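Report on the structure
The residues making up each chain are set out below.
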Amino acid sequence: MSKFDSYFLMNLEDAKEYACEKVTRFDWDKATMESKEIGDGNLNYVFRVWDAKGHSAIIKQAGESLRISSEMHVSTDRNRIESEILILQGKLAPGYVPEIYFYDTVMCACGMQDMSDHMIMRTSMLQHKIYPKFADQISTFMANTLMGTTDVVLEHKEKKELQKKYINPELCEITEDLVYTEPYNNCANRNNVFPKNAEFVKKELYEDEALHLEVAKLKMDFMCNAQSLIHGDLHTGSIFINEDTTIVFDPEFCFYGPMGYDIGNVIANIIFAWCNGDAEIADQAQRNAFCGWAEQVITDVIDMTMKKMDAYYTEHVTDRMAKAPGYKDYYLGTILADTAAVTGLELIRRTVGMANVKDLTTIADEEKRARAEKICVLAAKRYIKERAALHTGAGFLKVLKDTIASL
Ligand code: SR1
Ligand code: MG
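Let me begin by describing the structure that accompanies this report. Because the structure is a prediction, the values reported are computed rather than measured.

The terminal C-alpha atoms of helix α13 (residues 366-385) lie 29 Å apart, and with 20 residues this matches the ideal 28 Å at 1.5 Å per residue to within 8%. For α13, the full list of buried residues reads Arg369, Ala370, Ala372, Glu373, Ile375, Cys376, Val377, Ala379, Ala380, Lys381, Tyr383 and Ile384. On its buried side, α13 packs onto α7 (198-206), α8 (209-224), α9 (260-280), α11 (327-352), α12 (358-361) and α14 (393-406). The distance from a side-chain oxygen at the start of α13 to the backbone nitrogen of Glu367 is 2.9 Å, and the residue carrying that oxygen is Asp365.

Shown next, in the form of structure tokens:
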């Protein structure tokens, strides 16, 4: 019998005891064990547990209600999904995800590698740090995990087994509501609109019917296009980073969906970092260095991901018809269009929706924040409406630059 034989939400003391019992690879020094709750996401509880002998691990537990809102309840099975996906992604992209030590479907918790020698990328971005290897590393992660789980590459029954196993309706519903619905109508009355931009948001988002039509098309595509086993929430809060490595975690929103959803999330969140740097860095040379790097990342992530996907496709394609001349270019073209659209959707929902980003909300000067949010919304509308015409990283960056110049 163990106190962890039935589910309850752990506190700091429980987390230490739990790590001792479940992370058996370490000979824990019980007397010096400590724990700290370090979660800053919207859903789960994350404990770092360590001892004086140098052992450490992360214990992550899914609560029955979400941190962002006690009224929102999502199956705690999301912890199993996340653990299994990290194990799978670790095979497809070795070294790009934390090692999972165990997962436990009773406590809805898992133990994983402590990444304390890295920072959460959003925190780094708010300190305006530059990571020259990021674009190359994240593009490798995405090309391998996304292309590696498609019908182009996998035996189709194997793919359908994965699709069945990770259908994830509850987490998908959050995305369908928060990304693809509420930012355009505030139908659940939980949008967070910066008061200075209230009129602007009403006109540009709530009253633009042509935009609503495009978002409707994209929403149905998100629900119906079982293209690839996507991460589903690949923002800078789901990435650990340091000078040498990029580690992706938190794939609890994963399901079979359009792979542009992941790539577009990365691009949008780099744009948020750009906006924060532009508004908050006083020194011009430093501002140019950080924003210039962010611009290069936007260009490189698009171009490198597409190039690596192209190569992965050529090397690993198994489907006979997907080898038809011209099909690969058509397929990659649809991914780029989806990427542009999701860049726009993520920019909009994090600016005006329920779950905002610190990159915008911490901009101290109200005029600068209003301007940054206008840049995000106006660029976003172009990414959505002009998605079929964007074919290169330079094209993606031009939309952002032209929008800035227009304000
Ligand atoms: C109710 S959860 C809000 C957001 O946090 C997660 O990280 C997802 O992005 C979700 O949309
Ligand atoms: Mg998360």
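There is more to say, and it comes next.
It is worth spelling out the packing of aromatic side chains at this point. Applying the stated criterion across every chain yields a total of 15 aromatic pairs. Summarising the aromatic geometry, the rings of Phe4 and Tyr18 are spaced 4.8 Å apart at their centres and angled 70 degrees between planes, so their arrangement reads as edge-to-face. Pair noted here: Phe4 is in the segment before α1 (12-22) and Tyr18 is in helix α1, with a separation of 14 residues, a long-range link. Each member of the aromatic cluster is reached from another via a ring pair, and the members are Phe4, Phe8, Tyr18 and Phe102. Across the ring face of Phe200, the terminal group of Lys374 is positioned such that the distance to the ring centre comes to 5.5 Å.

Moving on to the packing of helix α4 (residues 134-147) against α9. Running from N to C, α4 and α9 cross one another at 160 degrees; their axes reach a closest spacing of 10 Å. Here α4 is positioned roughly antiparallel relative to α9, judged by the angle of their axes. Between α4 and α9 the crossing geometry is right-handed. Residue-level inspection shows Phe134, Ile138, Met142 and Leu146 of α4 in contact with α9, the latter providing Asp262, Ile263, Val266 and Ile270.

Strand order in this open sheet of 5 strands is β1-β2-β3-β7-β6, and the pairing throughout is antiparallel. Strand pairing shows two members of the sheet lacking a second neighbour, β1 (34-37) and β6 (100-104), which therefore form its edges. On average, each strand axis in the sheet is inclined to that of its neighbour by 20 degrees, with strand direction left out of account. In this structure, β6 lies alongside strand β7 (residues 109-112), joined through 4 bridges in antiparallel fashion. Residue pairing across strands places Ile100 opposite Met112, the latter belonging to β7.

Now for the pairing of β1. One ladder, built from 4 bridges, connects β1 with strand β2 (residues 44-50); its direction is antiparallel. Along β2, the bridge assignment pairs Glu34 with Trp50.

So, about the site of ligand 1. Looking at ligand 1, there are 13 residues lining it, with Asn42, Leu43, Asp233, Arg349 and Arg350 nearest. For ligand 1, an oxygen atom lies 2.6 Å from a polar atom in the side chain of Asp233. A distance of 2.9 Å is found between an oxygen atom of ligand 1 and a side-chain nitrogen or oxygen belonging to Arg350. With the chains in place, 97% of the 310 Å² that ligand 1 exposes on its own is no longer accessible.

We now examine the pattern of salt bridges. Under the criterion given, the structure shown has 40 salt bridges. The salt bridge involving Asp208 is made with Lys381; its shortest N-O contact spans 2.8 Å. Remark: Lys381 occurs in helix α13 and Asp208 occurs in the loop between α7 and α8; sequence separation between them is 173 residues. Neither Asp208 nor Lys381 differs from the other in exposure class; each is buried.

Basis of the calculations
- Residues numbered from 1 in each chain as written.
- Chains lettered and ligands numbered in written order.
- Predicted model: local features only at pLDDT ≥ 70, side-chain atom pairs only at ≥ 80, totals over all residues.
- Heavy atoms only, no water.
- Helix = DSSP H or I, 4+ residues; strand = E, 2+ residues; numbered from the N terminus.
- Expected span 1.5 Å × (residues − 1).
- Buried < 20%, exposed > 50% of the residue type's maximum accessible area, 1.4 Å probe, protein only.
- Contact = heavy atoms within 4.5 Å.
- Polar contact = N/O pair within 3.5 Å; in protein donor to acceptor, adjacent residues only side chain to side chain.
- Phe/Tyr/Trp six-rings, centres within 6.5 Å; stacked < 30°, edge-to-face > 60°.
- Lys NZ or Arg CZ within 6 Å of the ring centre and 35° of its normal.
- Axes fitted to C-alpha atoms, helices over the stretch in contact; angles between N-to-C directions.
- Parallel < 35°, antiparallel > 145°, perpendicular 65-115°, else oblique.
- Left-handed = near helix turned anticlockwise from the far one by under 90°.
- Pairing = 2+ DSSP bridges.
- Near = heavy atom within 4 Å.
- Areas by Shrake-Rupley, 256 points an atom, 1.4 Å probe, with all protein chains shown as cover.
- Salt bridge = Lys/Arg side-chain N within 4 Å of Asp/Glu carboxyl O.

All quantities given are derived from atomic positions and should not be read as evidence of function.
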